[in-house]
Amino acid sequence: DAMVIQNPRYQVTQFGKPVTLSCSQTLNHNVMYWYQQKSSQAPKLLFHYYDKDFNNEADTPDNFQSRRPNTSFCFLDIRSPGLGDAAMYLCATSREVLRQPQHFGDGTRLSIL
Amino acid sequence: SQQGEEDPQALSIQEGENATMNCSYKTSINNLQWYRQNSGRGLVHLILIRSNEREKHSGRLRVTLDTSKKSSSLLITASRAADTASYFCATDNTGANSKLTFGKGITLSVRP
């Protein structure tokens, strides 16, 4: 089945130690998104790629970076995780940016020690 | 800034009852979408209603949209324990730099 897959499901890292979360899709969608979701809160968009074009949200900290080496894969890099970065990170895809439903992976829950 | 605001924040009902959840928003939209999120999982798209539509059905789901009041409702009929989840409305706003903006969600508990 076509889907969005995130690895790993759970990630533990140390304060300040770089961490990379990965997302892959078999939907061949143009757009890939990264969201941060903290407990009982709305998902917050960090950035998205339309094909190779990167679009950063104005309030996304510089600590968060992303790479999309090809259509299928997208990575979220957190350069120096702080305690406040502990959250669920959700990857989503859509065919186009607007007027389309988004398809989500099951997320990676990041814990910071 | 957050666009959708769901109401109530939490809802507990008996299996077989109907569940109604409301969403209000502030600016003009292209469409409004409802998503479900089971505990510890990703969001699942339920239904998309365009700004020129007033009502849409999908199985046991019924969504209405009133653009004059900037509000939407999601009705789940004959609820099941498996419907227990958080439900989010998300607005696809008009204008430059538009993006899908999620509300805080409603926690629905369906008691067996």
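Residues numbered from 1 in each chain as written. Chains lettered and ligands numbered in written order. Predicted model: local features only at pLDDT ≥ 70, side-chain atom pairs only at ≥ 80, totals over all residues. Heavy atoms only, no water.

Caption draft 1: Main features of the pairing of strand β9 (residues 85-93) of chain B. Residue and element names in this part refer to chain B. Most of β9 sits inside the fold, with nine of its nine residues counted as buried. Going residue by residue along β9, you find Ala-85, Tyr-87, Cys-89, Thr-91 and Asn-93 tucked away on one face and Ser-86, Phe-88, Ala-90 and Asp-92 tucked away on the opposite face as well. Pairing analysis gives eight bridges linking strand β4 (residues 29-37) to β9, with the strands arranged antiparallel. By the bridge assignment for β9, Trp-34 is matched with Cys-89. Alignment of β9 against strand β11 (residues 106-111), held across three bridges, turns out to be antiparallel. Looking at the pairing, Ala-85 lines up with Leu-108 of β11. Pairing analysis gives three bridges linking β9 to strand β10 (residues 100-102), with the strands arranged antiparallel. Across the sheet, the residue bridging to Asp-92 is Leu-100, located in β10. (Buried < 20%, exposed > 50% of the residue type's maximum accessible area, 1.4 Å probe, protein only. Helix = DSSP H or I, 4+ residues; strand = E, 2+ residues; numbered from the N terminus. Pairing = 2+ DSSP bridges.)

Caption draft 2: Focus on unusual backbone geometry. The linkage connecting Asn-7 of chain A with the following residue, Pro-8 of chain A, adopts the cis geometry, with an omega of -15°. Structurally, Pro-8 of chain A is set in the loop between β1 (4-7) and β2 (10-13). Not every positive phi belongs to a glycine, and Asn-28 of chain A is a case in point at roughly 60°. As for its placement among the helices and strands, Asn-28 of chain A is situated in the loop between β3 (19-25) and β4 (31-37). You will see that Lys-70 of chain B, though not glycine, has its phi angle at about 55°, which is positive.

Caption draft 3: Looking closely at the nonpolar core. Counting residues in hydrophobic clusters, the biggest one holds 22 residues, and the most contacted among them are Met-21, Leu-32, Trp-34, Leu-74, Ile-76, Tyr-87 and Leu-108 of chain B. Of all the secondary structure elements, the ones that give two or more residues to this core are β3 (19-24), β4, β5 (43-50), β7 (61-66), β8 (71-76), β9 and β11 of chain B. Discounting chain neighbours no more than four positions away, the residues touching Leu-74 of chain B are Ala-19, Thr-20, Met-21, Trp-34, Leu-46, Leu-61, Arg-62, Val-63 and Tyr-87 of chain B. Cys-23, Leu-46, Tyr-49 and Cys-74 of chain A belong to the second-largest nonpolar core, a separate cluster that totals 18 residues. (Core = buried A, V, L, I, M, F, W, Y, C linked by side-chain atoms within 4.5 Å. Contact = heavy atoms within 4.5 Å.)

Caption draft 4: Quick look at the packing of aromatic side chains. A full pass over the atoms with the stated rule returns 10 aromatic pairs over all chains. On the basis of an interplanar angle of 35° and a centroid distance of 5.5 Å, the ring pair of Tyr-35 of chain A and Phe-104 of chain A is categorised as tilted. Taken together, the positions of Tyr-35 of chain A in strand β4 and Phe-104 of chain A in strand β10 (residues 103-104) put the pair 69 residues apart, joining distant regions of the chain. Here Tyr-35 of chain A and Phe-104 of chain A have matching classes, each one buried. A ring pair is formed by Tyr-35 of chain A and Phe-102 of chain B, whose centres lie 5.7 Å apart and whose planes are at 85°; its orientation type is edge-to-face. One end of the pair, Tyr-35 of chain A, is in strand β4; the other, Phe-102 of chain B, is in strand β10, on a second chain. Accessibility expressed as a relative area gives 2% for Phe-102 of chain B, which makes it buried. Through successive ring pairs, a cluster of aromatic residues spans Tyr-33, Tyr-35 and Phe-104 of chain A together with Tyr-35 and Phe-102 of chain B. (Phe/Tyr/Trp six-rings, centres within 6.5 Å; stacked < 30°, edge-to-face > 60°.)

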